[in-house]
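Chain and residue survey
Given next are the chains, with one letter for each unit.
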Amino acid sequence: DGGITQSPKYLFRKEGQNVTLSCEQNLNHDAMYWYRQDPGQGLRLIYYSQIVNDFQKGDIAEGYSVSREKKESFPLTVTSAQKNPTAFYLCASRPPGSTDTQYFGPGTRLTVL
Amino acid sequence: DAKTTQPNSMESNEEEPVHLPCNHSTISGTDYIHWYRQLPSQGPEYVIHGLTSNVNNRMASLAIAEDRKSSTLILHRATLRDAAVYYCIPSTDSWGKLQFGAGTQVVVTP
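Quick look at the structure, then. (Residues numbered from 1 in each chain as written. Chains lettered and ligands numbered in written order. Predicted model: local features only at pLDDT ≥ 70, side-chain atom pairs only at ≥ 80, totals over all residues. Heavy atoms only, no water.)

**Observations regarding the environment of Asn57(B)**
All names here are of chain B. Inspection of the secondary structure puts Asn57 in the loop between β5 (55-56) and β6 (61-64). Relative accessible area serves as the criterion here: at 31%, Asn57 is assigned to the partly exposed category. In the structure, Asn57 is positioned 10 residues away from Val47 in sequence and 8.5 Å away in space, judged by C-alpha atoms. At a separation of 2.7 Å, a polar atom in the side chain of Asn57 contacts the main-chain carbonyl oxygen of Val47. Within polar-contact distance, the side chain of Asn57 engages the backbone nitrogen of Met59 at 2.8 Å. (Helix = DSSP H or I, 4+ residues; strand = E, 2+ residues; numbered from the N terminus. Buried < 20%, exposed > 50% of the residue type's maximum accessible area, 1.4 Å probe, protein only. Polar contact = N/O pair within 3.5 Å; in protein donor to acceptor, adjacent residues only side chain to side chain.)

Right, here's the structure in full:
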């Protein structure tokens, strides 16, 4: 099946540790996005990438890093510099030529203890 | 980016229509109006989008006011699976970025 996969679904880490969240898509989409969602709130954009080897900061990029070495993959690293990393993280991709329609993965719920 | 105003929550009985309003009075002439929904603990799901004309698809209908300052998402027959947070998002960003507000929590009662 074509789609976006995020793993793992639940992730626990100790404070001060870096952690990398996986996002893979086999939809042949060029654009990919990372969002963060806190309880009772909407999604906020962390990073986005339009093509391989290129990415831009979103609204809340501080404490996060990304890479885009392959079209299919857009991993997000939550670094120890992120002050409040516990959240629901969502990855999305967008087909070329679409009027902003995005397809979302199932999300990873990160809890930092 | 255009600001949106949506009610915090709405309730509906199963198999009855649901009309979800959204005000976007600062929308620009090139902004499409997108609706997404998010079921509990899942990623958002595209519902429908439009520019000026009313739009229909298998999930819902979108009615856009003539002045484009407001729109209404219509779920024709609510089911329990339609219980979700619905987001109205005006957007014309060339990078495809979407600005999500808090949305409307739809509660469907049997």
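**Brief notes about the pairing of β6(B)**
Residues and elements named next belong to chain B. Where β5 and β6 come together, two bridges link them in antiparallel fashion. Across the sheet, the residue bridging to Asn56 is Ser61, located in β6. Adjacent in sequence and paired antiparallel, β5 and β6 are bridged by four residues. Pairing of β6 with strand β7 (residues 70-75), which is carried by four bridges, proceeds in the antiparallel orientation. Bridging from a neighbouring strand, Ala63 pairs with Thr72 of β7. In sequence, β6 turns back onto β7 through a hairpin of five residues, with Arg68 there showing a positive phi of about 65 degrees. (Pairing = 2+ DSSP bridges.)

That's the geometry; what it means functionally is another story.
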